[in-house]
Amino acid sequence: MKIFLDTADLQEIRRAARAGLIDGVTTNPSLMAKVVGDADVGDYMKEVTEAVNGPVSLEVLATEADGMVAQGRDLARIADNVVIKCPLTEEGLAATRQLRAEGIGVNVTLCFSPSQALLAAKAGASYISPFVGRLDDISHEGMELIAQIREIYDNYGYDTEILVASIRHPLHFVEAALIGADIATLPPTVLWKLLAHPLTDRGLENFIKDWEKAKLVVPSMEEAKL
Ligand code: E4P
């Protein structure tokens, strides 16, 4: 399963990219608004596209298809790895069809039902973004939606990638992988939680203590060659 980072925070993106942990980035207008500050939005987006070796989703804000297509074309010019995020509305799907016809990647966002996901695939979406956390928030089992979409896409051989969004904790990530989702997009806090384990920390601490107690030194490469 691919991992995307769900943030526009450049520091977090660079940190995760340095560790080789991410295959792409997703943003949305709320995430952008948190971090852009006084910077030029286009310049900021360009920096994000340069910080990761993989697709970067940038969202349109128009609500009519023509406006979405125009914004999508402009955003796609920022860098080759830009994917346009269109909302799962009638207008958004019309824009998706047009942008895909022009060879531009589209991530259809704000998906909350299997029927919506099927329509997005028929419109040619490159990615579908079902929001599991927001469904859990209203007492619907978000992960059930992922399983339903997986089954439907497999039934008909759609190649739209299932990008699990609105992930809130590591169990969402594990469940998405068990279901066979293509991608999980994680807020930085969740990504770092995936990595952490108290037994790893304790084990490492003990290895170092035991080594030092025995007063051993690590052989340098030069000495090791002799
Ligand atoms: C990503 O593409 C979505 O915009 C994001 O995961 C939404 O997450 P939230 O429900 O935590 O805002």
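All of the points below concern the structure found in this document. (Residues numbered from 1 in each chain as written. Predicted model: local features only at pLDDT ≥ 70, side-chain atom pairs only at ≥ 80, totals over all residues. Heavy atoms only, no water.)

Some points on the site of the ligand
Okay, so step 1: Close contacts around the ligand come from D6, T26, N28, K85, F131, R134, A165, S166 and R168, and that covers them all.
Okay, so step 2: One of the side-chain nitrogen or oxygen atoms of N28 is found 2.7 Å away from an oxygen atom of the ligand.
Okay, so step 3: Here R134 contributes a side-chain N or O atom positioned 2.7 Å from an oxygen atom of the ligand.
Okay, so step 4: Of the residues assigned to the shell around the ligand, the class counts are two nonpolar, three polar and four charged. (Near = heavy atom within 4 Å. Polar contact = N/O pair within 3.5 Å; in protein donor to acceptor, adjacent residues only side chain to side chain. Nonpolar A, V, L, I, M, F, W, Y, C, P; charged D, E, K, R; others polar.)

A look at the sheet that holds strand β5 (residues 106-111)
Okay, so step 1: The strand order β1-β2-β3-β4-β5-β6-β7-β8 describes a closed barrel built from eight strands, whose pairing is parallel. Going from strand to strand, the sheet's axes swing by 30° on average, the running direction of each strand aside.
Okay, so step 2: In the sheet, strand β4 (residues 82-87) pairs with β5 via four bridges, with the strands oriented parallel. The partner of C86 across the bridge, within β5, is V108.
Okay, so step 3: In the packing of helix α5 (residues 90-101) onto the sheet, contacts are made with β4 and β5, and the angle to β4 comes to roughly 155°.
Okay, so step 4: Along the sheet face, helix α8 (residues 142-156) touches β5, β6 (127-130) and β7 (161-164) and points at about 175° away from the line of β7. (Pairing = 2+ DSSP bridges. Helix = DSSP H or I, 4+ residues; strand = E, 2+ residues; numbered from the N terminus. Axes fitted to C-alpha atoms, helices over the stretch in contact; angles between N-to-C directions. Contact = heavy atoms within 4.5 Å.)

Topic: the nonpolar core
Okay, so step 1: In terms of nonpolar packing, the biggest core is built from 61 residues, with I22, I128 and V164 touching the most fellow members.
Okay, so step 2: At six residues, the largest contribution of residues to this core is made by α8.
Okay, so step 3: Setting aside anything within four residues of it in sequence, one finds I22 in contact with I3, F4, L5, I13, A16, A17, V52 and L191.
Okay, so step 4: Judged by nonpolar contacts, the second largest core, of five residues, contains V83, Y127, L163 and I183. (Core = buried A, V, L, I, M, F, W, Y, C linked by side-chain atoms within 4.5 Å. Buried < 20%, exposed > 50% of the residue type's maximum accessible area, 1.4 Å probe, protein only.)

What to know about a nonpolar patch on the surface
Okay, so step 1: Nonpolar side chains collect at one region of the surface, where L171, V174 and L178 lie side by side and expose about 320 Å² of accessible area between them.
Okay, so step 2: Position of V174 relative to the elements: it lies in helix α9 (residues 170-179).
Okay, so step 3: With a relative accessible area of 40%, V174 lands in the partly exposed category. (Patch = residues over 30% accessible without salt bridge, like charges linked within 9 Å, V, L, I, M, F, W, Y side chains within 5 Å. Areas by Shrake-Rupley, 256 points an atom, 1.4 Å probe, with all protein chains shown as cover. Salt bridge = Lys/Arg side-chain N within 4 Å of Asp/Glu carboxyl O.)

A word on the packing of aromatic side chains
Okay, so step 1: Counted under the stated rule, the structure contains four aromatic pairs.
Okay, so step 2: With 5.6 Å between their ring centres and 65° between their planes, F112 and F131 make a pair best called edge-to-face. You can see F112 sitting in the loop between β5 and α6 (114-122) and its partner F131 sitting in the loop between β6 and α7 (132-137), a full 19 residues away along the chain.
Okay, so step 3: By relative accessible area, which is 31% here, F112 ends up partly exposed.
Okay, so step 4: A residue is classified by how much of its surface remains accessible, and F131, at 7% relative accessible area, is buried.
Okay, so step 5: Ring geometry for Y156 versus Y158: centroids 6.3 Å apart, planes at 50°, classification tilted.
Okay, so step 6: Residue Y158 is classed as partly exposed on the basis of its relative accessible area of 23%.
Okay, so step 7: Taken together through their ring pairs, the aromatic side chains of Y153, Y156 and Y158 make up a single cluster.
Okay, so step 8: For the cation-ring pair, R15 lies above W192, with the distance from its terminal atom to the ring centre recorded as 3.6 Å. (Phe/Tyr/Trp six-rings, centres within 6.5 Å; stacked < 30°, edge-to-face > 60°. Lys NZ or Arg CZ within 6 Å of the ring centre and 35° of its normal.)

Structural notes on α5
Okay, so step 1: Between its first and last C-alpha atoms α5 spans 17 Å; for 12 residues at 1.5 Å apiece the expected length is 16 Å, and the two agree.
Okay, so step 2: Listed as buried for α5 are G92, L93, A95, T96 and L99. Within α5, the buried residues cover an arc of 160° as seen down the axis, which keeps them to one side. Along α5, exposed side chains directed more than 90 degrees from the buried face belong to E90 and A101.
Okay, so step 3: Next to the buried residues of α5 lie α4 (65-76), β4, β5 and α6.
Okay, so step 4: Of the residues one or two after α5, G103 is the one with positive phi, at around 85°. (Expected span 1.5 Å × (residues − 1). Arc of directions from axis to C-beta.)

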